[in-house]
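# Architecture and fold: a report
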Amino acid sequence: MSTEPRPPVSRRKLGIFGVVALIGAALIVATGIRAREDSSAKLREWTDNQAVPTVAVALPNAKALNPTIDLPGRLEAYSRAPIFARVSGYLKSWSADIGARVKAGDVIAEIEAPDLDQQLLQARADLVSQQSSAQLSEATLTRRKSLVASNFVSAQEIDERTADLNNKKAAVKSGQANVERLEALAGYKKITVPFDGVVTSRETDVGALINAGGGAGPAMFVVSDITKLRVYVNVPQNYVPAIRMGAKAVLTMPEYPNRTFAATVEASSQSVDISSGTTRMQLALDNAGGELMPGGYASVRLPLLRDAVPLHIPASALIFNQGGLRVATVGPDDKVLFKTVTISRDLGRTIELASGLSPEDRVIIAPPDGLADGDPVRVSGGKENIKGDVKGNTNKPEKVSEKQDVKG
């Protein structure tokens with residue numbers, strides 16, 4: 001075994017080894033720092049991307065879904081007459097109950113008025129007395145005139161007798177007028193029908209005390225002509241210009257769910273009720289068959305004539321806060337722009353707008369919370385149109401709630 005000592009390592013080799021070790025360590029440190037910076041950059045980019053919300057947009061639909069409006073209506077008889085008594089007394093009899101069809105001039109009740117009968121007898125007796133006085137005065141004047149030629153009667157007496165005769169004749173005329181007045185009142189003891197129709201109400205019975213006039217209680221009878229009906233509809237103010245006189249409307253009744261009835265717009269009140277913001281319109285409805293009843297409820301579908309096609313947006317696009325009723329849109333620079341809008345009709349899934357948007361506006365369908373004007377957003381799905389949503393509603397009737405009608 002050799003015992004010779006190893007040759008010592010030169011300092012030069014040791015220096016080279018140290019330099020290589022330092023370079024390796026520097027590379028490792030640099031690589032770690034670079035990796036950490038890349039990771040931080042990616043994290044910042046991801047964080048920035050997450051801070052920009054992604055939204056779905058749609059263009060307002062300018063297609064008219066259905067140019068009609070559904071409103072509640074009330075049926076009324078075309079002619080309706082509450083019948084009150086013209087004389088006081090007691091009801092002697094009646095012959096027409098509710099639902100009875102009557103003709104003009106038919107007697108449906110009779111009143112017993114003994115006070116009026118006695119007044120009429122007294123008036124006739126007074127008239128006879130006045131007529132007798134007038135005849136006597138006339139005979140006396142005639143005899144006095146025959147004595148004028150003999151100067152037995154003065155001209156003054158003739159004038160006095162003539163004036164007395166004139167007064168007696170005037171009293172006769174007054175008595176005659178009083179008799180005719182009481183006879184006319186006596187004729188009202190029989191209650192007659194003013195026109196052909198149906199008795200829709202009876203609020204009296206035999207023996208009931210009857211007071212003359214219409215302010216002492218309900219009418220004795222109500223007669224209605226139901227061969228033609230009036231339909232009254234309260235139309236919101238902003239829809240009044242779109243409804244023309246003579247327009248044809250379609251009515252549905254709860255008692256006839258599978259039928260429709262045609263009516264014609266014939267009159268408008270030409271004023272707006274300040275409490276509801278609506279205008280009352282009257283429609284004429286033929287009811288020759290007597291199927292429909294006055295006082296009934298009807299759903300009235302009125303056609304609308306518009307100068308411009310309204311815009312529709314999804315209901316989820318509306319934002320209501322301290323800024324009012326607004327819609328969030330995306331501008332050409334992909335930044336949020338809020339626009340104030342006015343609702344024309346709420347159709348459920350979609351909203352019909354009266355103003356505020358143009359067909360080119362990109363509307364955010366479901367805006368997230370916290371959006372503000374100028375916020376950048378990322379648009380997903382491109383410039384999608386909402387015709388699919390609109391088409392989904394075409395088979396559904398457009399209804400306007402009473403609350404919305406009031407606000408107009």
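Coordinates for the structure precede this section.
Here's a quick rundown of the structure. Residue positions are given per chain, counted from 1 along the sequence in the order it is written. Where totals are concerned, whole chains, interfaces and linings use all residues; where local detail is concerned, this predicted model gives features only for residues with pLDDT of at least 70, and gives and counts side-chain atom pairs only at 80 or more. Water and hydrogen atoms play no part in the side-chain values, which are based on all heavy atoms of the structure.

### Let's talk about the pattern of salt bridges
If the charged atoms of two oppositely charged side chains come close together, the side chains can form a pair. The line we're drawing: Each reported salt bridge corresponds to a side-chain nitrogen of Lys or Arg within 4 Å of a carboxyl oxygen of Asp or Glu. Segments assigned H or I by DSSP are reported as helices when at least four residues long, segments assigned E as strands when at least two residues long, and all are numbered from the N terminus. We call a residue buried when its accessible area falls under 20% of the maximum for its residue type, exposed when it is over 50%, and partly exposed in between, using a 1.4 Å probe and counting protein chains only.
This structure, assessed with the given rule, holds eight salt bridges. In this structure, Asp117 engages Lys189 in a salt bridge whose closest nitrogen and oxygen atoms are separated by 2.9 Å. Taken as a pair, Asp117 in helix α2 (residues 114-146) and Lys189 in the loop between α3 (155-187) and β6 (190-192) lie far apart in primary sequence, 72 residues in all. With a relative accessible area of 28%, Asp117 lands in the partly exposed category. Its relative accessible area of 18% is what places Lys189 among the buried residues. Across the pair Glu183 and Arg124 runs a salt bridge whose closest N-O atoms are separated by 3.0 Å. Here the residue Glu183 occupies a position in helix α3, and Arg124 occupies one in helix α2, the gap between them amounting to 59 residues. On the basis of relative accessibility, which here comes to 36%, the residue Glu183 falls in the partly exposed class.

### Description of the packing of aromatic side chains
In plain terms, the rule: When two rings of Phe, Tyr or Trp (its six-membered ring) have centres within 6.5 Å they constitute a pair, described as stacked for plane angles under 30 degrees, edge-to-face for angles over 60, and tilted for the intermediate range. A positively charged side chain is recorded as over a ring if its NZ (Lys) or CZ (Arg) lies within 6 Å of the ring centre. The angle to the ring normal must also be within 35 degrees.
In the structure shown here, the tally under the stated rule is one aromatic pair. When the centroid spacing of 5.8 Å and the interplanar angle of 65 degrees are considered together, the rings of Tyr256 and Phe261 count as edge-to-face. A cation over a ring is seen here: Arg259 above Tyr256, with NZ or CZ 5.2 Å from the ring centre.

### What to know about α3
Inclusion rule: Multiplying 1.5 Å by the residue count of a helix minus one yields the expected span of that helix. Two residues form a contact once any of their heavy atoms are found within 4.5 Å.
Between its first and last C-alpha, α3 extends 48 Å over 33 residues, near the 48 Å set by a 1.5 Å rise per residue. Buried within α3 we find Ile158, Leu165, Val172, Gly175, Val179, Leu182, Leu185 and Ala186. Those residues of α3 hidden inside the fold are in contact with α2.

### Some details on the environment of Ala263
With respect to the helices and strands, the residue Ala263 is situated in strand β11 (residues 256-268). Look at Ala263 and you get buried, because its relative accessible area is 2%. Sequence-wise, Ala263 and Ala284 are 21 residues apart; in three dimensions their C-alpha atoms are separated by 5.5 Å. If we skip the residues at most four places from it in the chain, Ala263 touches Ala247, Lys248, Ala249, Leu251, Leu283, Ala284 and Leu285.

### Concerning the nonpolar core
The line we're drawing: Put simply, a nonpolar core is a bunch of buried Ala, Val, Leu, Ile, Met, Phe, Trp, Tyr and Cys residues held in one set by side-chain atoms that sit within 4.5 Å of each other.
By size, the foremost hydrophobic cluster in this structure holds 28 residues, and its most contacted members are Leu75, Leu251, Leu283, Leu285 and Leu302. Counting only elements with at least two residues in this core, the list comes to β2 (68-83), β9 (221-236), β10 (248-253), β11, β12 (278-286) and β13 (297-303). Counting residues per element, this core draws most heavily on β9, which supplies five residues. Beyond its immediate sequence surroundings of up to four residues, Leu285 is in contact with Leu75, Lys228, Leu229, Val231, Leu251, Met253, Phe261, Ala262, Ala263 and Leu292.

### Let's talk about unusual backbone geometry
One non-glycine residue, Gln270, adopts positive backbone phi at about 55 degrees. Inspection of the secondary structure puts Gln270 in the loop between β11 and β12. Here Gln270 falls in the exposed class, since its relative accessible area comes to 69%. Although it is not a glycine, Asp334 adopts a positive phi angle of roughly 60 degrees. As for its position among the elements, Asp334 is in the loop between β16 (324-330) and β17 (336-340).

### Brief notes about the packing of α2 against α3
Packed helices, taken two at a time, are described by their axes: the angle between them and the distance between them. Quick note on the threshold: For every element, the axis is a line fit to its C-alpha atoms; helices are fit only across the contacting stretch, and the angle between N-to-C directions ranges from 0 to 180 degrees. Angle categories are assigned with fixed cut-offs, so that under 35 degrees is roughly parallel, over 145 is roughly antiparallel, 65 to 115 is roughly perpendicular, and the rest are oblique. Left-handed describes a crossing whose near helix is turned anticlockwise from the far helix by less than a right angle; the clockwise case is right-handed. Note on residue classes: Ala, Val, Leu, Ile, Met, Phe, Trp, Tyr, Cys and Pro are nonpolar, Asp, Glu, Lys and Arg are charged, and everything else, Gly too, is polar.
Close contact between α2 and α3 brings their axes to 8 Å; oriented N to C, the two are set at 160 degrees. The angle between the axes of α2 and α3 places the two elements in the roughly antiparallel class. Helix-helix and strand crossings are classified by hand; for α2 and α3 the assignment is left-handed. When grouped by side-chain class, the residues that make up the contact of α2 with α3 number 14 nonpolar, 10 polar and 10 charged.

### Some words on the sheet that holds strand β8 (residues 209-210)
Stated precisely, the cut-off is as follows: By the convention used here, strands pair only if DSSP detects at least 2 bridges between them.
Strand order across the open sheet formed by four strands is β6-β5-β3-β8, with antiparallel pairing between neighbours. A strand with exactly one partner marks an edge of an open sheet, and here the two such strands are β6 and β8. Pairing geometry for strand β3 (residues 89-94) and strand β5 (residues 107-112), over four bridges, is antiparallel. Across the sheet, residue Leu91 finds its bridge partner in β5, namely Ile111.

### Comments concerning a nonpolar patch on the surface
As a reminder, the rule being used: Here, patches come from residues exposed beyond 30% relative accessible area and free of salt bridges, joined within 9 Å for like charges and within 5 Å for nonpolar side chains (Val, Leu, Ile, Met, Phe, Trp, Tyr). Each accessible area value is a Shrake-Rupley result obtained with a 1.4 Å probe; residue values ignore everything except the protein chains displayed when judging cover.
The grouping of Val19, Ile23 and Leu27 at the surface amounts to a nonpolar patch, some 290 Å² of accessible area in total. Relative to the helices and strands, Leu27 is located in helix α1 (residues 11-51).

So yeah, pure geometry; function would need other evidence.
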